[in-house]
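Reading the structure
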Amino acid sequence: MEENHLFPVFFKLNRLHVLVVGGGNVGHEKVNAMLQNCPDANITVVATWFLEALEALAQKHHSITLVQKEFSCGDLLGKDLVIAATNLPELNRSVWEHAKCSKVLINVADTPELCDFYLGSIVQKGNLKIAISTNGKSPTIAKRLKQVLQESIPDTLDEVLHKLQAIRDKLKGDFSEKVKQLNEITEVLVQEKNKT
């Protein structure tokens with residue numbers, strides 16, 4: 001049976017520089033998703049034209065740069081991540097080839113075999129963030145799971161996180177002792193489940 005062998009990570013997009021190739025609907029969707037998670041993400045979008053909504057995003061977020069031109073391999077200089085988001089499969093493949101040669105991680109929209117990483121569905125409640133991946137099999141299922149989790153996780157969980165951080169900061173002992181104490185404190189979160 002096939003399993004999901006992806007290793008989940010959370011990028012600090014305000015410290016990295018992302019290149020998005022494509023200024024249409026898909027490019028706009030990817031830029032918007034990144035900004036929802038990191039409003040000061042450093043994003044450069046290269047395209048021969050830009051959707052009006054993407055131009056509006058760039059005016060609102062000064063960390064976005066729109067460059068109206070055709071993609072060239074020089075666009076990869078200084079970039080940490082690339083998202084190929086055009087409706088031209090041959091251009092997306094070209095971006096992928098240049099990214100691989102430059103050792104820059106790339107996501108080619110709707111082409112799992114050309115992706116080093118996926119943009120998963122995100123559930124966020126304050127400081128809690130959960131990323132959902134179906135290994136590129138079904139973004140629709142990821143979207144549905146996002147809805148279920150978003151509705152079932154209480155909004156007050158962020159308050160709990162702040163209180164636990166304050167408790168953690170006051171705990172004495174080495175790392176393993178602090179983990180033990182925090183496990184005892186948070187056991188209440190799973191007690192009901194264990195009783196059933």
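What comes next is a walk through the structure. The shown structure was predicted, so the numbers you read here are calculated from the model rather than taken from an experiment.

Attention shifts here to the overall build of the protein chain. The helix and strand tally for the protein chain stands at seven helices and seven strands. Taken from N to C terminus, the helices and strands of the protein chain fall in the order β-α-β-α-β-β-α-β-β-β-α-α-α-α. In terms of overall dimensions, the protein chain has C-alpha extents of about 60 × 40 × 30 Å along its principal axes. Expressed as a percentage of its 196 residues, the buried residues of the protein chain come to 32%.

Within the open sheet, the five strands sit side by side as β3-β2-β1-β4-β5. Their pairing is parallel. The open sheet has two edge strands with one neighbour each: β3 (64–68) and β5 (105–108). Strand-to-strand, the axes of this sheet are offset by a mean angle of 15°, without reference to chain direction. Where strand β1 (residues 17–21) and strand β4 (residues 81–84) come together, four bridges link them in parallel fashion. Among the inter-strand pairings, V21 is bridged to a residue of β4, identified as A84. Taken strand by strand, helix α2 (residues 52–60) contacts β2 (42–47) and β3, and its axis lies near 135° from that of β3.

With that out of the way, let us pick up a negative patch on the surface. A contiguous patch of negative charge, built from D174, E177, E184 and E187, is present on the exposed surface. If you trace the backbone, D174 turns up in the loop between α5 (157–170) and α6 (175–186).

Let's shift gears to the nonpolar core. Counting 20 residues, the largest nonpolar core has V18, V20, V31, I43, V45 and I64 as the members making the most contacts within it. At the level of secondary structure, the elements contributing two or more residues to this core comprise β1, α1 (25–37), β2, α2 and β4. Those residues in contact with V31 that sit more than four places away from it in its chain are V20, I43, V45, L54, L57 and I64.

Considering all chains together, one arrives at five salt bridges under this definition. The salt bridge partner of K163 is E159, with a shortest N-O separation of 3.1 Å. With a gap of four residues between them, K163 and E159 both fall in helix α5, about one helical turn apart.

Attention now moves to unusual backbone geometry. Its identity is not glycine, yet K103 carries a phi of approximately 60°, on the positive side. By the secondary structure assignment, K103 is in the loop between α3 (89–101) and β5. Positioned with a positive phi, D110 is a non-glycine residue whose angle comes to about 60°.

On the secondary structure map, G74 appears in the loop between β3 and β4. G74 sits in the partly exposed class, given a relative accessible area of 40%. Through-space distance from the C-alpha of G74 to that of I167 is 49 Å; in sequence the pair is 93 residues apart.

This part covers the side chain of D75. Mapping D75 onto the fold places it in the loop between β3 and β4. With near-sequence residues (within four places) excluded, D75 lies in contact with L19, V46, K69 and E70.

Following both chains from N to C, one finds α5 and α6 inclined at 145°, their axes separated by 10 Å at the closest point. In this structure, α5 meets α6 at a crossing whose hand is right-handed. Within the contact between the two elements, α5 uses L164, I167 and R168 and α6 uses L182, I185 and T186. Residues that form the contact of α5 with α6 fall into these classes: four nonpolar, one polar and one charged.

All right, on to the pairing of β4 then. The two faces of β4 match: L81 and I83 on one face and V82 and A84 on the other face are all buried. Bridge count for β4 against β5 is four bridges, and the pairing is parallel. Pairing of A84 across the sheet is with V108, part of β5. At this point the chain moves from β4, through α3, to the parallel β5, and the crossover so formed is right-handed.

Thresholds, definitions, all that
- Residues numbered from 1 in each chain as written.
- Predicted model: local features only at pLDDT ≥ 70, side-chain atom pairs only at ≥ 80, totals over all residues.
- Heavy atoms only, no water.
- Helix = DSSP H or I, 4+ residues; strand = E, 2+ residues; numbered from the N terminus.
- Buried < 20%, exposed > 50% of the residue type's maximum accessible area, 1.4 Å probe, protein only.
- Pairing = 2+ DSSP bridges.
- Axes fitted to C-alpha atoms, helices over the stretch in contact; angles between N-to-C directions.
- Contact = heavy atoms within 4.5 Å.
- Patch = residues over 30% accessible without salt bridge, like charges linked within 9 Å, V, L, I, M, F, W, Y side chains within 5 Å.
- Areas by Shrake-Rupley, 256 points an atom, 1.4 Å probe, with all protein chains shown as cover.
- Salt bridge = Lys/Arg side-chain N within 4 Å of Asp/Glu carboxyl O.
- Lys, Arg positive; Asp, Glu negative; His and termini not counted.
- Charge placed at Lys NZ, Arg CZ, Asp CG, Glu CD.
- Core = buried A, V, L, I, M, F, W, Y, C linked by side-chain atoms within 4.5 Å.
- Left-handed = near helix turned anticlockwise from the far one by under 90°.
- Nonpolar A, V, L, I, M, F, W, Y, C, P; charged D, E, K, R; others polar.
- Right-handed = clockwise from strand over helix to strand, strands pointing away.

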